[in-house]
Amino acid sequence: MNVKVSAINIDGMKNPEERYLQEIRREKAPDPTGPISESESQTASSLENRKQQKPLFFNKKRTLLQHLFFNLFRSAAMVNALALFIILYFMIANGWRAISIDFLTQPPREMMTQGGILPCIVGTLCLSLGAFLISFPIGVSSAIYLQEYASEGALVRAIRLGISNLAGVPSVVFGLFGLSFFVTYLKMGVSILAGALTLALMSLPVIIGATEEALKSVPATYREASLGLGATKLQTILRVVLPAAAPGILTGGILGISRTAGETAPIMFTAAVFFSPNLPRSIFDEVMALPYHIYVLATAGTEIEVTRPLQYGTALVLISLVLGMNLIAILFRARLRKKMRR
Amino acid sequence: MIHSFTKFKEKLMNYFFLLVATTSISILAMITLFLFKEGLPIFEKVGIKAFIFGNYWYPTADPAHFGIFPLIIGSVSVTLISALISIPLGVMTAIYLSEIASSRLREIVKPVVELLASLPSVVIGFFGMVIVAPFLQDHFNIATGLNMFNAAIMLAFMSIPTICTISEDALYSVPASLKEASLALGATSFETIVKVTLPAALSGISTAIILGLSRAIGETMVVLMVAGGAAMVPGSIFDPVRPLPGSIAAEMAEAPYRGDHYYALFAIGIVLFIFTFCFNIIADYLSNKYRQTGDATL
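Parameters and conventions
- Residues numbered from 1 in each chain as written.
- Chains lettered and ligands numbered in written order.
- Predicted model: local features only at pLDDT ≥ 70, side-chain atom pairs only at ≥ 80, totals over all residues.
- Helix = DSSP H or I, 4+ residues; strand = E, 2+ residues; numbered from the N terminus.
- Buried ≥ 20, exposed ≤ 12 C-beta atoms within 10 Å, placed from the backbone.
- Contact = placed C-beta atoms within 7 Å.
- pLDDT = per-residue confidence, 0-100.
- Nonpolar A, V, L, I, M, F, W, Y, C, P; charged D, E, K, R; others polar.

Engineer: Any chance you could break down the overall build of chain B for me, citing the residues and the numbers?
Structural biologist: From N to C terminus, chain B includes 14 helices and 2 strands. Per-residue burial over chain B gives 51% buried out of 298 residues. A sequence separation of at least 24 residues applies to 72% of the contacts in chain B between residues at least 6 apart.

Following this line, the structure appears as structure tokens:
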């Protein structure tokens, strides 16, 4: 049994697979206590050996069970990867032909059955950027309060509960709120501003969470050193903690933007329109947006079958935009984590 | 030497950050306020009981019927079926990632799950509509591929990342000493996972499952595009349904401003909001109550 103990590492993570293989190999290997010779069959020591052999039989069953289930877990993980690749495959295989310079730089023509998607790209960029500009300062400040100022108490608990509940509000409910508050009550009308505000509320929990994680990973010694040199708390936060946490915070920001770029339900009633021939000129204009354009073309367009290539093309552009940003953020974060561990 | 002005500034900033931090709570309060403000008027026309348990949703007929029972059943059944797929897959993936995979494989599989989470819902809905629906129609010999089953599969893959990520965190934070003790007693890695690690992480995994369900029940675009949109109580898993979020999204554009239909849709929003709110409160309660296990030092 001591083989197992020595194979464990402190974080319990490093090489379970190797450990597992080792276990199997050990089962297959001949018993280290050696085979019992027939001649001394009745001695006490051989009796003990036989007792030790019995669990070996059970061990085989147990390792087989383990083998079986570990493969099941592995295939479960592979199913996810497979799902992602199937979706990507169909979008790319059917969409790449639709992509051209014209598709990306021309407005739709002929009742949206031809032409490009420029207004949608511009609209989505405006909405995401607007949402980012609104939610980023609020999210980062909230996280700074929670991590740097607050002491655990009823208020902090309430704030955290508020954030986690905000993260759980369905996107369509955000849309309803945006419609009743921004569009109607504040009289913004269906506009970029109303849409960006609605999306900003949605992405707030993402940004707060990521910023908190980034702030947490700044070593306490940094703060202590700064405070020890006579800096005030505010100076410490602005000049020591924030710069150290900046890459992590930016990663959260990118994730926030990418999430808003793909959302449809919140902008359906607040910002997006079926069709608009012109690019938006001010933040009070309504816009076309990529996700809403896909939905419209796929379900309510005049000729759903004819515009299928356009639908695939639009979906491909949206995916590239969103996954591209996510990939950057994920790789960036992986590098950061490696750095922190060192 | 700290000047009194600096001191004042420090204090001011403290309150400023506090004020900003409460934004989330105030937004939540505002959402509640405006949902109720726009949704409650419908209950002057239809009783709450008739609204929730009414069997007919004909908002544009004359006289209009506002019974959302078929929509609630649609939402609940689609979510439950998706849970049958997403819970085993999500939890098993989490076990694989945190207990079995080598660190190199982990660094490949984990981003894949995260990318799955980041796929826009409209794209998944579109995929379900143009790829999965015709496939189901051809292979299962059914009238329409846009049905509850299809929507449930799509929803499952939207909630797996939530379930997987949070479960993985829970499994990861089970103290190594517990696992070591089990292994030292002669248990295999698999037995350790089933009898030690999983029970120790159970609260975190339950939280993950509840949040995953909450995500599935609130998801809009997928059910709007894939579920088929028939407002009736489904008889089989291949029947089309019209879940709550789908109704709101599909009908809001045509509902006359501050008409009964408009109020009714906001009332659906209230129901949905209450659903997810409860899910979140339960999840929060679970994760706080059973946070520490054994001699956890994390």
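We are not done yet, so read on.
Engineer: For the confidence of the model for chain B, give the residues involved together with the corresponding values.
Structural biologist: The predicted coordinates should not be examined in detail at positions where pLDDT is low. When pLDDT is averaged along chain B, the result is 88, and 96% of the positions lie at 70 or above. Under the prediction, the complex receives an ipTM of 0.90, its pTM being 0.84.

Engineer: Which residues make up the interface of chain A and chain B, and what are the values?
Structural biologist: It is common to give the size of an interface as the accessible area lost on bringing the parts into contact. Tallying the contact residues gives 83 residues for chain A and 78 residues for chain B. By residue number, the principal contributor to the side of chain A that touches chain B is helix α3 (residues 44-95) of chain A, which donates 18 residues. Of the residues that constitute the side of chain A that touches chain B, the class distribution is 54 nonpolar, 20 polar and 9 charged.

Engineer: So what about unusual backbone geometry? Which residues, and what values?
Structural biologist: Positive phi values are uncommon outside glycine, yet lysine 187 of chain A reaches one of about 55°. Locating lysine 187 of chain A in the fold gives a position in the loop between α7 (171-185) and α8 (192-216). Positive phi, normally seen in glycine, also occurs at asparagine 141 of chain B, with a value near 55°. Summarising the element assignment, asparagine 141 of chain B is placed in the loop between α7 (121-140) and α8 (148-172).

Engineer: Just give me the short version of the environment of leucine 84 of chain A, but keep the residues and values in it.
Structural biologist: With respect to the secondary-structure elements, leucine 84 of chain A resides in helix α3. Residue classification places leucine 84 of chain A among the partly exposed positions, given that 19 C-beta atoms sit within 10 Å. Not counting residues within four places of it along the chain, the set of residues in contact with leucine 84 of chain A comprises Val112, Leu115 and Leu116 of chain B.

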